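# Commentary on secondary and tertiary structure
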Amino acid sequence: MKIGVLGQGFAGIFLALFLKEKDPKIDVTLIDKEETAGRKVLATGNGRCNITNLVIQPNAYNSEDALSVVSDFPGEKIVSFLKSIGIFTREYNNLVYPYSNSAKSFLDYLIALCKERKIKFVNREKLIDYTLENGKIRVKTLNKIFIFDKFVLACGNVSAPQLGGSDLVFKVLEKHGYKMVTPKVGLAPIQTEEKPVTIQNERVKAKVSLYIDKNLSYEETGEVLFKKDGLSGIVIFNCASMIARSKRFKKATISLDLMPDYDVDKLVALLTKLNDVSKASVLSGIFTKHVAEYIRKASGVKNLNSYTPTEIKKIAVTLKNLVFTYRATYDFKDGQVAVGGVDFSNLDFDLESKKEPGIYFAGELINADGLCGGYNITFAIASAHKVAEAILENA
């Protein structure tokens, strides 16, 4: 049996390995428009590659369909499979990384395994179209024509165009009548109406609350990085994805609780007690100089130090609720994932097309985005496993 796979990322590579593990004689060809395999793999986890997460957090995925795919092949099974092919891992608070902490070493080993198993790599070939003919699938690329028994589209989405993200396949699928969810940028920095220019590149740890049309939509504690035009950091990336998942809204705001260990009353009492300890602002003993000054101004307090009781109350309230108004999400080149893609309604339980037998889908091309923490790679691998099982079962 000949299997064609469009895409040489996590979904494509793991699909090939899953197939070869069960049937070494199966013929697998991985096709990609890029010159080299796995370019996005190298960028994951800041070059360390956060492979998976052993705990599925609430809102980790944008749909029950995505969650169902991952539930069949969760982090524990991924780790077990990796060990069976000679890849050791290490954990940091449920986040799983290669033992080498190197995405490049991880990718190099995966590619070497593929080649040892005679998995074919065809590069610099863009998909033009495919047709179903007499029980076979004829795949036309820019320079070649392939004939496969099954064809899997696992080519990623439009995120990170500098690493190969593209909408070329979307145009092909639209011709074939697939329902598509227009991609939006996920896991990216956010532009805000407020411009924290004076504290750009400063970092704070905060409890972050996202409100969409005044309704609490997401909450997480983490590090926030200020940019000249907005906010960044993993927790902000997650907020960006939650905003992208919202179909329609009038206003979104992000509230930073800069001192989550204290309620307002305790904070007022503490600041009041320390107000006269030094001639410097009491905020200077808690935050960096620039962040302290930003908070003072955001509170509407004019005194530079030695605050009045009213001013202390204003500062305490601001510390518990420093608000930024969503303006826009950064571009796809700054996003780690696309929120959108091939709608699950096109697919059956095994991720095979309902309208075109023998056509399967895996990875980010499907509308199944996850939050930060290895969730997107987990879906890519889990969906590849589901497709591999279905192909082998129907062989």
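A short tour of the structure in this document, coming up. From a predicted model like this one, the values you see are computed outputs, not experimental measurements.

## Side note on the packing of helix α1 (residues 10-22) against helix α11 (residues 375-393)
Viewed as axis vectors pointing N to C, α1 and α11 meet at an angle of 35°, and their least axial separation amounts to 8 Å. Judged by the sense of rotation from one axis to the other, the crossing of α1 with α11 is right-handed. Contacts from F10, A11, F14, L15, F18, L19 and K22 of α1 reach α11 at I377, A380, I381, A384, H385, V387, A388, E389, I391 and L392. Residue classes in the contact of α1 with α11 are distributed as 14 nonpolar, 1 polar and 2 charged.

## Re the sheet that holds strand β9 (residues 145-148)
Hydrogen bonds between backbone atoms are what pair the strands of a sheet, whose relative direction is either parallel or antiparallel. With antiparallel pairing, the 3 strands of this open sheet are ordered in space as β7-β8-β9. The sheet is open, and its two borders are formed by β7 (127-133) and β9, each paired with just one other strand. Neighbouring strand axes in the sheet, compared pairwise and without regard to direction, differ in orientation by 20° on average. Direction of pairing for strand β8 (residues 136-141) relative to β9: antiparallel, over a ladder of 4 bridges. What sits directly across from I137, in β9, is F148.

## Describing the sheet that holds strand β3 (residues 52-53)
Pairing within the open sheet is antiparallel, and its 3 strands lie in the order β3-β5-β4. Two strands bound the open sheet, and with one partner strand each, they are β3 and β4 (89-92). Here β4 pairs with strand β5 (residues 95-98) via 4 bridges, running antiparallel. The residue of β5 that forms the bridge with Y92 is L95.

## Topic: the pattern of salt bridges
One pass over the full model with this rule turns up 14 salt bridges. Between E389 and K22 there is a salt bridge, with the nearest N and O atoms lying 3.0 Å from each other. On the criterion of sequence distance, the pair formed by E389 in helix α11 and K22 in helix α1 is long-range, its members being 367 residues apart. On the basis of relative accessible area, E389 is assigned to the partly exposed category, the value being 31%. With relative accessibility at 51%, the residue K22 sits in the exposed group. Among the ionic pairs, K320 bridges to D257, the shortest N-O distance being 2.8 Å. A residue pair is termed long-range when its members are at least 10 positions apart, and K320 in helix α10 (residues 309-320) and D257 in strand β16 (residues 252-257) qualify at 63 residues. Accessibility assignment for this pair places K320 and D257 in one class, buried.

Parameters at a glance
Residues numbered from 1 in each chain as written. Predicted model: local features only at pLDDT ≥ 70, side-chain atom pairs only at ≥ 80, totals over all residues. Heavy atoms only, no water. Axes fitted to C-alpha atoms, helices over the stretch in contact; angles between N-to-C directions. Helix = DSSP H or I, 4+ residues; strand = E, 2+ residues; numbered from the N terminus. Left-handed = near helix turned anticlockwise from the far one by under 90°. Contact = heavy atoms within 4.5 Å. Nonpolar A, V, L, I, M, F, W, Y, C, P; charged D, E, K, R; others polar. Pairing = 2+ DSSP bridges. Salt bridge = Lys/Arg side-chain N within 4 Å of Asp/Glu carboxyl O. Buried < 20%, exposed > 50% of the residue type's maximum accessible area, 1.4 Å probe, protein only.

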